[in-house]
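Below, each chain spelled out in residue letters.
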Amino acid sequence: MGVKKKKEMQVVALTICHQDLETLKSFADVEGKNLASLLLHCVQLTDGVSQIHYIKQIVPLLEKADKNGMCDPTIQSCLDILAGIYLSLSLKNPLKKVLASSLNSLPEFFLPEAIHHFTSRLQEELNTTDLYSYRKVIDNISSCMENFNLGRASVNNLLKNVLHFLQKSLIEILEENRKCAGNHIIQTQLMNDFLVGIRLSMMLVQKVQDFQGNLWKASSSPIWQNMCGLLSIFTKILSDDDLLQTVQSTSGLAVILFIKTMFHPSEKIPHLISSVLLRSVDCTSVPEWFMSSCRSLCCGDVSESAVLFLCQGTLAMLDWQNGSMGRSGEALLVDTAHVLFTLSSQIKEPTLEMFLSRILASWTNSAIQVLESSSPSLTDSLNGNSSIVGRLLEYVYTHWEHPLDALRHQTKIMFKNLLQMHRLTVEGADLVPDPFFVELTESLLRLEWHIKGKYTCLGCLVECIGVEHILAIDKTIPSQILEVMGDQSLVPYASDLLETMFRNHKSHLKSQTAESSWIDQWHETWVSPLLFILCEGNLDQKSYVIDYYLPKLLSYSPESLQYMVKILQASIDAKTGQEQSFPSLGSCNSRGALGALMACLRIARAHGHLQSAADTWENLVSDARIKQGLIHQHCQVRIDTLGLLCESNRSTEIVSMEEMQWIQFFITYNLNSQSPGVRQQICSLLKKLFCRILESSQVLYKLEQSKSKREPENELTKQHPSVSLQQYKNFMSSICNSLFEALFPGSSYSTRFSALTILGSIAEVFHVPEGRIYTVYQLSHDIDVGRFQTLMECFTSTFEDVKILAFDLLMKLSKTAVHFQDSEKLQGLFQAALELSTSTKPYDCVTASYLLNFLIWQDALPSSLSVYLTQQVACDNGDKPAAVVERNTLMVIKCLMENLEEEVSQAENSLLQAAAAFPMYGRVHCITGALQKLSLK
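What you see is a predicted model; the values in this text were computed from it and never measured. (Residues numbered from 1 in each chain as written. Predicted model: local features only at pLDDT ≥ 70, side-chain atom pairs only at ≥ 80, totals over all residues. Heavy atoms only, no water.)

> Got a minute to help me understand helix 32 (residues 592-606) in this structure?
What sets the pattern is the α-helix's 3.6 residues per turn: residues three or four places apart point alike. With 15 residues, helix 32 should cover 21 Å at 1.5 Å per step; its first-to-last C-alpha distance of 21 Å lies within 8% of that length. Backbone geometry just downstream of helix 32 places glycine 608 in the positive-phi region, at approximately 85°. (Helix = DSSP H or I, 4+ residues; strand = E, 2+ residues; numbered from the N terminus. Expected span 1.5 Å × (residues − 1).)

Right, dumping it as structure tokens:
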């Protein structure tokens, strides 16, 4: 795979108007060293990336000027042009951020002048009347408020104008949206613009300093009037269910934020919002401005979505921390919960359901913040036995298997938070005998294990109170969870819950016991049930446990492998009888303890928990045990044992002499597997081994070349690299001997298929690519005349797969391995192919096509065939091998036509089949014409 070229940054170059350009030219000095010259050179560039370099030089140049520079008309004009440049750039242009970052370091004595010019330019922007330019102005105001001192100061100066512009622009956008009803593209753009406008209004209220005081709150203040106008717009949008719900949702946030900012005294804000949510506003007791701006919320029929989004704004915009809102805030929190529960029974629309779940989860977060501020009055309202928590649990149980992943995730957050809420209400009390946790645990355990939400909630419960309390109720929980792992849909949930439990249990045991005896209890709880499933579970259970649970267990506790091996070894050695804990070696229908042992070792090694050194192998498992697994009656035991030998987490791990002997032993007895799946796994695993040999041989070769005398590391053999390399060569030659011996005449299809596939992998892995100076083994070196003949005889097989594999293997070998020294033999092989092509047996015709195709590709046709070539074939793209193939193909086609005219009826099908195998590289019309002529005859 080639290295992907890094994509160059694209920056749109900045430009200025003609008037500003002429101004810069008039102030630029001859030497080109003043600010005007710098800017002039910058704007004349067409590459935005290059312009960044010049922008970064602006402030260092101004820092060299003294305070007298404030009166310099050149600098004043340049500051004005810089303001214009900033406001002309799009929001996503990197130049905008670079310019803002540079101007943030402007010398202090230039700030007043710079702010003046920015304010002036921004005022011009605010005067625009083009509705489709409003978005650019909104983006500019937003960018001025984001980490840009000059921009923020300018917005402060023009706050009244900015608010007026926002009010005007939002009204016009709404009107334009009404006019464009049915034009979804334009309406979507307008709604996005409107959404950005709402967010900017909220940003101004939260960040502009003027809103921190009360001077603007006079009813005659222009700022106050604009605020009331904006609040009226947001209220209108909130109640308009024809608009996008995202726009409505954001409007709900803005309504609560504006009420929080405008309403006085602040202590009465929670009560006001409660009355709005409960639709019980006393119109005579609220201010006139509130009635005029929010009349639809006070007197109208408020929609469910509007109430929902007001609840969201209440939870997001009010300060729930530190008990700052007092008792009225706590009452608002409770009221909000009741409103949400009422909405949950009324709302059926999917997107609103999603909003509701998020808002309920947000409510639990706010409740935790209030409880953490030591609010004793909420203890009874928010403890586990309260009606609110009961309704939350009911919501969780109802929605924990909802089709939407995001909604299920929210139920998990809710459940986790309500556990935390109850803990806060009983802070200081002992959680173990707490009735709420005990009852909740028991009720969850009583549910069927096919309920997926049960796993998530139990995981949260474990994290809250610890797994030991759950195990105290029922010690068989680990076994029960493992039992359901035969169902693929439950496997991820079950394995995650088991991981949460065994991690929590180990931490608890370690904290309770200083001695190492705790590990025995942990193994008994989590490892023994695993071993039981691996030995006696059904096929699906074993497979999923091995794939999902076992790797997690070993990754968390690698030392547990010793315990697994010890138990399983003892079980294998024990006599067969009723008193055995696990089955013995097993049969073709059972993996038994040996299968469990090999599966555990395989996973451990694949994840890096098991070294391949001979002494480590001897400590864990004996040579006899490995061989026992390699010839076990159950195919999966053989595969797991082979996987143990072939797979490693390090591609350069040295293959030991013992491993090579075991692989040789395996190949001797396992080539004739009748299962296609098993054959495929065997070939795949052996290919992994060959790749490991190749990669590790490169390491050994480099060590040998460097002639290093230092002792090799753990991963390397303790013998000299040259010895290991020679062992590799001998091993690969021995493997090839065994594979070619398996291709004897009369060997079964499965044996031939396995042997040819493995040989093909060897030829593929140990090829000599361009640039590689060393390869430990090449199959071509072990191909003699006899073995070549063996491969050619595979073309006579009645199985198409065998022909394909033999042909592919021959094509992978170098031409030096193809022995065509005797022209008579060559002529005989070609003649045999011609005779086969006239056979009435289909597989003979196919054999002929493979023989002819091979001779063509290897350029091994008899020289006598040159008389058939009447035209010179030239390849258009100058590809010499392709031209040779084309020439040879034409020779064979013409030969077939001349020799088979008398047997057209028998040969036509075989000719078609043979010709179909010949790539023509643009010369297909030649074959087509020849076949048409033959058909006519």
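Once the structure has been displayed, the description carries forward.
> Could you clarify how one ought to interpret the confidence of the model for the protein in this entry?
It should be kept in mind that the predicted coordinates are not to be read in detail where pLDDT is low. Residues with a pLDDT of 70 or more make up 82% of the protein, whose mean pLDDT is 84. The model gives residues 575-586 a pLDDT under 50, and that stretch makes 30 contacts with residues more than four places away or in other chains. (pLDDT = per-residue confidence, 0-100. Contact = heavy atoms within 4.5 Å.)

> Got a minute to help me understand the pattern of salt bridges in this structure?
Opposite charge on two side chains allows them to pair when their charged atoms are near. Using the criterion set out here, one finds 24 salt bridges in the structure. Ionic pairing is found between arginine 121 and aspartate 20, a salt bridge with its closest N-O pair at 3.3 Å. Of this pair, arginine 121 sits in helix 7 (residues 111-126) while aspartate 20 is found in helix 1 (residues 18-27), placing the two residues 101 residues apart along the sequence. In this structure, arginine 121 and aspartate 20 share a single accessibility class: buried. Here glutamate 146 ties to lysine 207 by a salt bridge, and the two come within 3.5 Å at their closest N and O atoms. Residue glutamate 146 is located in the loop between helix 8 (134-145) and helix 9 (149-157), and its partner lysine 207 is located in helix 11 (residues 184-207); the two are separated by 61 residues in the primary sequence. Overall, glutamate 146 belongs to the partly exposed group, its relative accessible area being 38%. By relative accessible area, lysine 207 is classed as partly exposed at 38%. (Salt bridge = Lys/Arg side-chain N within 4 Å of Asp/Glu carboxyl O. Buried < 20%, exposed > 50% of the residue type's maximum accessible area, 1.4 Å probe, protein only.)

> What should I look at first to understand the environment of histidine 41 in this one?
For histidine 41, the location among the structural elements is in helix 2 (residues 35-43). A relative accessible area of 37% places histidine 41 in the partly exposed class. Here the alpha-carbon distance between histidine 41 and lysine 25, two residues 16 residues apart in the chain, equals 9.8 Å.

> Even after reading the chapter, I still don't get unusual backbone geometry, so can you show me in this structure?
Glycine aside, residues mostly have negative phi, and peptide bonds are mostly found in the trans state. Each neighbour pair has its own omega, and for histidine 264 with proline 265 the value is 5°, a cis peptide bond. Within the fold, proline 265 resides in the loop between helix 13 (245-262) and helix 14 (269-277). Of note, arginine 279 is a non-glycine position whose phi angle comes to about 55°, a positive value. Along the chain, arginine 279 falls in the loop between helix 14 and helix 15 (288-293).

> Whenever I open this one, the environment of threonine 847 confuses me. Can you help?
Here threonine 847 lies in helix 43 (residues 842-857). Residue threonine 847 is classed as buried on the basis of its relative accessible area of 3%. If near-sequence neighbours (up to four positions away) are discounted, threonine 847 is found in contact with Phe795, Thr796, Lys803 and Leu836. A polar atom in the side chain of threonine 847 sits 2.7 Å from the backbone oxygen of phenylalanine 795. Separated by 2.4 Å, the side chains of threonine 847 and lysine 803 make a polar contact. (Polar contact = N/O pair within 3.5 Å; in protein donor to acceptor, adjacent residues only side chain to side chain.)

> Can you help me understand the packing of helix 11 against helix 13 in this one?
To characterise two packed helices, one gives the angle between the axes of the helices and the distance between these axes. Across the interface, helix 11 lies against helix 13 with an axial gap of 10 Å and an inter-helix angle of 20°. Here helix 13 runs roughly parallel to helix 11, going by the angle between their axes. Relative to helix 13, helix 11 is oriented so that their crossing is left-handed. Across the interface between the two elements, Met191, Phe194, Leu195, Ile198, Arg199, Ser201, Met202, Val205 and Gln206 from helix 11 touch Thr246, Val247, Thr250, Ser251, Leu253, Ala254, Leu257, Phe258 and Thr261 from helix 13. Class assignment for the residues of the contact of helix 11 with helix 13 results in eleven nonpolar, six polar and one charged. (Axes fitted to C-alpha atoms, helices over the stretch in contact; angles between N-to-C directions. Parallel < 35°, antiparallel > 145°, perpendicular 65-115°, else oblique. Left-handed = near helix turned anticlockwise from the far one by under 90°. Nonpolar A, V, L, I, M, F, W, Y, C, P; charged D, E, K, R; others polar.)

> Just checking my understanding: could you explain the packing of aromatic side chains for this structure?
Each aromatic ring pair is described using two quantities: the centre-to-centre distance and the angle formed by the ring planes. The final tally for this structure, using the stated rule, is 28 aromatic pairs. Consider the rings of tryptophan 522 and tyrosine 556, whose centres lie 6.5 Å apart with planes at 50°: the pair is tilted. You can see tryptophan 522 sitting in helix 28 (residues 518-526) and its partner tyrosine 556 sitting in helix 30 (residues 539-556), a full 34 residues away along the chain. On the accessibility criterion, tryptophan 522 (0% relative accessible area) is buried. Looking at tyrosine 556, the relative accessible area reads 21%, which means it is partly exposed. In this structure, lysine 454 is placed above the aromatic ring of tryptophan 449, and the distance from its NZ or CZ to the ring centre is 3.6 Å. (Phe/Tyr/Trp six-rings, centres within 6.5 Å; stacked < 30°, edge-to-face > 60°. Lys NZ or Arg CZ within 6 Å of the ring centre and 35° of its normal.)

> I would appreciate a short explanation of the nonpolar core in the present structure.
Note on soluble globular proteins: their nonpolar side chains tend to be buried together. Within the largest apolar cluster, 290 residues are counted, with the highest numbers of intra-cluster contacts made by Trp363, Ile762 and Leu779. Ranked by the residues each element gives to this core, the list is headed by helix 19 (residues 350-372), at twelve residues. Setting aside anything within four residues of it in sequence, one finds isoleucine 762 in contact with Phe690, Met732, Ile735, Cys736, Leu739, Tyr777 and Leu779. (Core = buried A, V, L, I, M, F, W, Y, C linked by side-chain atoms within 4.5 Å.)

> Please explain the side chain of serine 697 as it appears in this structure.
Assignment of secondary structure puts serine 697 in helix 37 (residues 676-706). A relative accessible area of 0% means that serine 697 is categorised as buried. With sequence-adjacent residues up to four places away left out, serine 697 is seen in contact with Leu725, Tyr728, Tyr774 and Val776.

> Looking at this model, I keep getting lost on empty space enclosed by the protein. Mind explaining?
Empty pockets left among the atoms are what a rolling probe the size of a water molecule brings to light. Under the criterion given, the structure shown has three cavities of 30 Å³ or more. Each pocket or cavity is described by its volume, and for the largest cavity that value is around 60 Å³. Around the largest cavity sit Asp319, Trp320, Gly323, Ser324, Met325, Gly326, Gly329, Glu330, Val370 and Ser373, which together line it. The element that contributes the greatest number of residues to the lining of the largest cavity is helix 18 (residues 326-346), accounting for three residues. A per-class count over the lining of the largest cavity returns three nonpolar, five polar and two charged. (1 Å grid on protein atoms, 1.4 Å probe; cavity = no way out; pocket = protein on both sides within 12 Å on 5 of 7 lines; lining within 4 Å. Points joined across faces, edges and corners; volume = space filled by probe spheres on them.)

> Help me understand the state of the cysteines, please; the structure alone is not making it clear to me.
Simply put, the disulfide is a covalent bond whose two ends are the sulfur atoms of two cysteines. Here the structure, examined in full by the defined rule, presents zero disulfides. Looking at the unpaired cysteine 464, the closest cysteine sulfur is the one in cysteine 460, lying at 9.1 Å. (Disulfide = S-S within 2.5 Å.)

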